[in-house]
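Close look at the chain arrangement
Listed here are the chains, written in short residue letters.
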Amino acid sequence: MSSHSFNQSFLSITLTQGSTDSLHKSGIETVLHIEEKQIVEELNPGERARILRKLDWHLLPFVSLLYMLSFLDRANVGNAKVAGMSKDLNLIGLRYNIAAAVFFILYSFAEVPSNIALKLFRPSRWIPIIMLAWGLVMTLMCLVDSFRSLVVARMFLGLTEAGLFPGVTYYISLWYPRSEQSKRIAIFFSAATVAGAFGGLLAYGIEHLEGIGGLHGWQWIVSCLSFFFMHDVSSLFSIPKRPQFLTETERAYVIDMLKQDANDLATHYHIRFVLQAMKDYKTYIQVFIYMGLLVPVYAIALFTPTIINELGYSTTHAQLLSAPPFLAGCFATILVGVYSDKYQIRGPFIIGGACVSIVGYILLYCDGPAGMSYTGACLAAIGVYPTIAVDLAWAGSNAGGDLKRGVVIAMVIGLGNLGGICSSFVYIDPPNFHIGHGTIMGFLCLSMSLSLFAMWDYSRLNKKKEAQCQAEGLTDSRKNEFRDMGDASPLFR
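Residues numbered from 1 in each chain as written. Predicted model: local features only at pLDDT ≥ 70, side-chain atom pairs only at ≥ 80, totals over all residues. Heavy atoms only, no water.

1. Quick look at the overall build of the protein chain
To keep things clear, this is the line we draw: Secondary structure follows DSSP: runs of H or I at least 4 residues long count as helices, runs of E at least 2 residues long count as strands, and numbering of each begins at the N terminus. Relative accessibility thresholds used throughout: buried, under 20% of the residue-type maximum; exposed, over 50%; partly exposed, between the two (1.4 Å probe, protein chains only). For this analysis, residues touch if any pair of their heavy atoms sits within 4.5 Å. To measure how exposed things are, a 1.4 Å probe is used in the Shrake-Rupley method; for residues, cover is taken only from the protein chains shown.
For the protein chain, the helix and strand inventory stands at 22 helices and zero strands. When burial is assessed residue by residue, the protein chain has 59% of its 493 residues classed as buried. When contacts within the protein chain are restricted to residue pairs at least 6 apart in sequence, those whose partners lie at least 24 apart make up 84%. With the model as given, the accessible surface of the protein chain reaches about 18,700 Å², and the carbon-plus-sulfur share is 66%.

Structure follows, in structure tokens:
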């Protein structure tokens, strides 16, 4: 991809203080003196759909590419393992598991500070810094020559990649109303499944570079894309400071659409909103739902080549056969995201996806023929991958106020990613991996149980607020009184 095309794509990531704040700063309020509400009323549903599609084309392709490269960088250690890294670095015992796990330590704890920084600074500066940092780390991973250096490199990779996924998820929530977020996050997250598929195919080809430049094939696997990625990304610091792909009328429409969806809740920074997120029990319910889903996601990413290899396939075939489960997961992720938004339901899709994944793990656990076990691996990916986007849309939609939403998303992703440490250590009993498959099924059951509770609890809270509004005569005309209350506002649903 050329530097010019990167610049054109990245025009979208130019807001300074969240979408509503920065769009106001672009001068909309002074143009034509048109009332935003009047503009919204004049635009029919077809125009709304056209504007949303325009946002999609400018926002989603580039951030999806970024996340694909990010996930490829963190997960290709699984492909490198079966390509000879274990032998060359003497990864005996639990050494590989440790190297996989240390990534999640700094990755998890850096996500909340990163999302706060994204709110305080321009995404057009913050995200390129993250990208350059992780590109540098991945490029230098070709110099890894021992278990110790691999651990250090993986820790720094976790630190540098920490801000991208929660940052872009938060960023999407600032551009789209809650009813439109699931399919956008699904498209963005589907890049992870593409990365899993592309990683296997890429590893198959790059493995043949063994010996070139004095490097092993697995060293090429972990670093080859990063150099070109950094070269293209270095031009992003000259990005314009304001979005230019919307007309003035379209910008005003987006502002009002987001205001109405958020009930005019606060968008500025204040520590009280950070504390609101940290003290809210609903945040931690979502953290554990997400953790229960993410443990199998990372297990699939880190161990699918190994599991397929243990089914009796050669290393080469294991690299190639690791692609179809991820491709199937990609299509399922987008499809479920679309229908989740269409029917405006989240919890049932999470529970349904977890059930499909459990069926896949049961097939893997039963030690049947290789074909049946491989089908199980595909079902495991098809079931669990779509639940990630739906859950993040669910968590973000139920957090009121820009900053609280950003902190909640970062906490859900950050603390949930601690489950990746568990993923790194459960597959320790080859060739059948009963401990790993059984543990994954337990985490999926945890997510299903908590999703049922969350569905009941959100319904209970909404009924309570509706009763309060009726009893006290509360209407939207008084929403400014509750501006700083976040989702505790009686007008928030």
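2. What to know about the packing of helix H17 (residues 323-343) against helix H19 (residues 370-397)
Operational definition: Simply put, an axis is a line fit to the C-alpha atoms, just over the touching stretch for a helix, and the angle between two N-to-C directions goes from 0 to 180 degrees. The sense of a crossing depends on the near helix, which, turned anticlockwise from the far helix by less than a right angle, makes the crossing left-handed and, turned clockwise, makes it right-handed. Amino acids outside the nonpolar list (Ala, Val, Leu, Ile, Met, Phe, Trp, Tyr, Cys, Pro) and the charged list (Asp, Glu, Lys, Arg) are all regarded as polar, and Gly is one of them.
Where H17 meets H19, the closest approach of the two axes is 7 Å, and the angle between their N-to-C directions is 35°. Crossing hand, H17 versus H19: right-handed. Residue-level inspection shows Pro324, Pro325, Phe326, Ala328, Gly329, Ala332, Thr333, Val336 and Ser340 of H17 in contact with H19, the latter providing Tyr374, Ala377, Cys378, Ala381, Ile382, Tyr385, Pro386 and Val390. The residue inventory of the contact of H17 with H19, partitioned by class, reads 14 nonpolar, three polar and no charged.

3. A short note on the nonpolar core
Definition in use: The definition of a nonpolar core used throughout is a set of buried Ala, Val, Leu, Ile, Met, Phe, Trp, Tyr and Cys residues joined through side-chain atoms within 4.5 Å.
If you look at the biggest cluster of nonpolar residues, it comprises 124 residues, and the most contacted ones within it are Phe165 and Tyr385. Excluding anything up to four places from it in sequence, Tyr385 contacts Phe71, Phe189, Thr193, Val297, Ile300, Ala301, Phe326, Gly329 and Thr333.

4. Structural notes on a nonpolar patch on the surface
Selection rule: Residues enter a patch when their relative accessible area is above 30% and they make no salt bridge; the linking distance is 9 Å between like charges and 5 Å between nonpolar side chains (Val, Leu, Ile, Met, Phe, Trp, Tyr). One side-chain nitrogen of Lys or Arg within 4 Å of one carboxyl oxygen of Asp or Glu is enough to make a salt bridge.
A cluster of nonpolar residues, Ile187, Ile334, Leu335, Val338, Tyr339, Tyr343 and Ile345, forms a patch on the protein surface that exposes about 580 Å² of accessible area. With five residues, H17 is the largest single contributor of residues to the nonpolar patch. Tracing the sequence through the fold places Tyr343 in helix H17.

5. Let's talk about helix H20 (residues 402-416)
For the record, the criterion: Expected span, for any helix, means 1.5 Å times one less than how many residues it has.
Relative to the 21 Å expected for 15 residues at 1.5 Å per residue, H20 spans 21 Å between its end C-alpha atoms, a close match to the ideal helical length. Along H20, 14 of the 15 residues are buried, which leaves the element largely enclosed by surrounding structure.

6. Regarding helix H9 (residues 147-161)
Given a rise of 1.5 Å per residue, 15 residues ought to cover 21 Å, and the 21 Å separating the end C-alpha atoms of H9 matches this to within 8%. Among the residues of H9, those classed as buried are Phe147, Leu150, Val151, Ala153, Arg154, Leu157, Gly158, Thr160 and Glu161.

7. Focus: the pattern of salt bridges
Scanning the model with the defined rule gives twelve salt bridges in all. Close ionic contact of Lys183 with Asp341 constitutes a salt bridge, the shortest N to O distance being 3.5 Å. Taken together, the positions of Lys183 in helix H11 (residues 181-206) and Asp341 in helix H17 put the pair 158 residues apart, joining distant regions of the chain. Classification of Asp341 as buried rests on a relative accessible area of 4%.

8. Observations regarding the confidence of the model for the protein chain
To keep it simple, the criterion reads: Scored from 0 to 100, pLDDT records how confident the predictor is in each individual residue.
The predicted model of the protein chain averages 76 in pLDDT, with 73% of residues at 70 or higher. Of all the helices and strands in the protein chain, helix H1 (residues 3-9) carries the lowest mean pLDDT, 37, while helix H18 (residues 347-365) carries the highest, 95. Ignoring residues within four places in sequence, the model shows residues 1-37, a span with pLDDT below 50, making 101 contacts including any to other chains. With pLDDT under 50 throughout, residues 234-241 is counted as low confidence; its partners more than four residues away or in other chains account for 26 contacts.

9. A few points about the environment of Pro177
Following the sequence through the fold, Pro177 ends up in the loop between helix H10 (164-175) and H11. When the C-alpha atoms of Pro177 and Val254 are compared, they prove to be 9.2 Å apart, with 77 residues separating the residues in sequence.

10. As for unusual backbone geometry
With the exception of glycine, the majority of residues adopt a negative phi angle, and the majority of peptide bonds are in the trans configuration. Backbone torsion omega between Pro430 and Pro431 reads 0°, so that peptide bond is classified as cis. Mapped onto the secondary structure, Pro431 falls in the loop between helix H21 (419-426) and helix H22 (434-472). The backbone of Gln344 shows a phi angle near 55°, a positive value even though the residue is not glycine. With phi around 55°, Asp367 is a residue other than glycine that occupies positive phi space. Relative to the elements of secondary structure, Asp367 occurs in the loop between H18 and H19.

11. Things to note about the packing of aromatic side chains
For the record, the criterion: Working definition: a ring pair exists when centres of Phe, Tyr or Trp rings (six-membered ring for Trp) sit within 6.5 Å. Plane angles under 30 degrees give stacked, over 60 give edge-to-face, the rest tilted.
Summed over all chains, the structure comprises eight aromatic pairs. Geometrically, the ring pair formed by Phe453 and Trp456 is tilted, given 5.7 Å between the ring centres and 45° between the ring planes. Of this pair, Phe453 and Trp456 both sit in helix H22, three residues apart, which is roughly one turn of the helix. Phe453 gets classed as partly exposed once you look at its relative accessible area, which sits at 34%. You can call Trp456 exposed: its relative accessible area is 52%.

12. Some remarks on the side chain of Ser423
The line we're drawing: Two N or O atoms form a polar contact when they lie within 3.5 Å of each other; inside protein one atom must be a possible hydrogen donor and the other a possible acceptor, and for residues adjacent in sequence the pair counts only when both atoms belong to side chains.
In this fold, Ser423 is placed in helix H21. Here Ser423 falls in the buried class, since its relative accessible area comes to 0%. Within polar-contact distance, the side chain of Ser423 engages the backbone oxygen of Val295 at 2.7 Å.

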